[in-house]
Amino acid sequence: MLDIKFVRENQDAVREAMENRNASWDAARFSELDESRREAIQQEEALQAERNTLSKEIGKMMGAGQKDEAEAVKERVRAINDELSGVSARREAVDGELRAMLMSVPNMPDATTPVGADENDNPEVRRWGTPRDFAAEGFEPKAHWDLGPELDIIDFDRGVKLAESRFYVLGGLGARLERALISFMLDQHVARGYKEWWVPALANAATLTGTAQLPKFEGDLFKTTGGLYLIPTAEVQLTNLHAGEVLDASQLPLKYCAFTPCFREEAGSAGRDTRGIIRVHQFSKVEMVKYATPETGFAELEAMVEDAENILQKLELPYRVISLCTGDIGFSSAKTYDLEVWLPCYNDYKEISSCSCCTDFQARRANIKYRDPDSFKGSRYLYTLNGSGLAVGRTMAAVIENYQQPDGTIRVPDALVPYMGGVTVIEPEAVVTA
RNA sequence: GGAGGUAUGGCCGAGUGGUUGAAGGCGGCAGUCUUGAAAACUGUUAGGCCGCAAGGUCUCGUGGGUUCAAAUCCUACUACCUCCGCCA
């Protein structure tokens, strides 16, 4: 949520930001609501003040035995209360509409976020590694949706049987590879100063509102009959861990990571990425979240991207970093870098991580503040950041495709061998020795 | 699932329907004393919103209700605790 005072005092900047984001913004309606809200508050509080004063007088009169005088004043207060209920109702209505309006407005893009209309305007920041030249090696690379079933490590049909379309099953070394990737990623992040967490896979509406999946994107979420939601990312839980808290500046930055399953309806993506394990209803992800001061927030974003890159580098997977433009960054984000891994089946780079600095946008929603007595009085909203480190399913697809061999087997990246029980090649005869 | 109990400020804990935003203690901060520290003593110590300000208003788990007036009464919900039952 944007700061209402900021919106009031920076109307031109907000208008421009929302244009750059392709987000609708009714500046006139905002001003109208903002003004009538403040007016209604003043009316309401004036009436409350009068009521409070008279009530105290009644108390004194009762103590002094002036029953009749007190009764007269009571009558006046009743009249005030009648008027007050109307004023309060109006204030609540205006307040609710204004709040709903602010809750549906995305974050202000940072000044360094490139201006652009859509994903085609995302500038590339850097590349790492070189995609394999399969032609030079003399064979046509297969897609993971072919290699997986052939090696009996991914089973799409049974996933559909057990659940529905866009679910899959991993078996044998496929399941082992999933577990290896999760452990490897967590170990890497923990070694780089992140605290590991284990969190619920379900969250309530308040939690989802804190990170802004709600109210606007409810359709993207799976919901239980009890009113809980399946989390679409551990960002939700890690960012809300400190909801309603005031942290001490000396604690910051906090660096958290967690593995969780992630659940997405993918309601609006019918027909996109229908093959393989790229876009599915349930996938594993290791997530990184940071709580930082405004002063260090964007430097922490750069460091977080490097932490995500570290995984790809250790796995020796070619990737590139792109900076999302204003038209493509997420709702909560002020600045986002995406990591895109090389996938031979697409003959292109495909998103595998998204790292964002959400400034104080989520902190204001989730009410997360920090104190720094040496720098300022009271408390202020801190900055939250989140990034994938990485999406496990897509990493598995990248490993399978980039490490495939002419005979249809898959070499295990060196970094994963210790996590794969000593297996160096995924093949039907592979033997796990550890 | 059944029965009972509890919910107050950073923490502990008092609170009779009426200057109670809330006693007291601990902790924190500032000071006195001291060469310094400790101890002792003194003072101070929630937040949101509206307002240029003065000031006002709201907040005692959450939401309703009663009343001129609610931390205090009623009610629903939520969380926690105890006992019983069941269970990875």
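Everything numeric here is computed off the predicted structure, so don't read it as measured data.

About the thresholds
- Residues numbered from 1 in each chain as written.
- Chains lettered and ligands numbered in written order.
- Predicted model: local features only at pLDDT ≥ 70, side-chain atom pairs only at ≥ 80, totals over all residues.
- Heavy atoms only, no water.
- Pairing = 2+ DSSP bridges.
- Helix = DSSP H or I, 4+ residues; strand = E, 2+ residues; numbered from the N terminus.
- Axes fitted to C-alpha atoms, helices over the stretch in contact; angles between N-to-C directions.
- Domains from an automatic or database assignment.
- Contact = heavy atoms within 4.5 Å.
- Buried area = accessible area lost by both parts, 1.4 Å probe.
- Salt bridge = Lys/Arg side-chain N within 4 Å of Asp/Glu carboxyl O.
- Polar contact = N/O pair within 3.5 Å; in protein donor to acceptor, adjacent residues only side chain to side chain.

**Concerning the sheet that holds strand S8 (residues 254-263)**
Then, in step 1: Spatially, S1-S10-S11-S12-S15-S9-S8-S4 is the arrangement adopted by the 8 strands of the open sheet, whose pairing is mixed. Two strands lie at the open edges of the sheet, namely strand S1 (124-128) and strand S4 (195-197), each paired on one side alone. The sheet shows a mean angle of 25° between the axes of neighbouring strands, taken without regard to direction.
Then, in step 2: Where strand S12 (residues 348-357) lies against strand S15 (residues 383-391), 3 bridges are found, and the strand directions are antiparallel. In the sheet register, cysteine 355 faces S15, and the bridge partner there is glycine 387.

**A short note on the domain arrangement of chain A**
Then, in step 1: Domain boundaries in chain A define domain 1 (4-103) and domain 2 (119-433).
Then, in step 2: Using only C-alpha atoms to locate each centre, domain 1 and domain 2 end up separated by 45 Å.
Then, in step 3: Of the residues lining the interface, 4 residues belong to domain 1; the matching set on domain 2 comes to 9 residues.
Then, in step 4: With both chains or domains summed, domain 1 and domain 2 bury close to 580 Å², and 47% of this area falls on carbon and sulfur atoms.
Then, in step 5: Together, Asn20, Arg21 and Met103 form the three largest contributors to the area buried by domain 1 at its contact with domain 2, with a combined 90%.
Then, in step 6: Taken together, the links from domain 1 to domain 2 amount to 0 salt bridges.
Then, in step 7: At the junction of domain 1 with domain 2, the criterion picks out 6 residue pairs in polar contact (both at pLDDT 80 or more).

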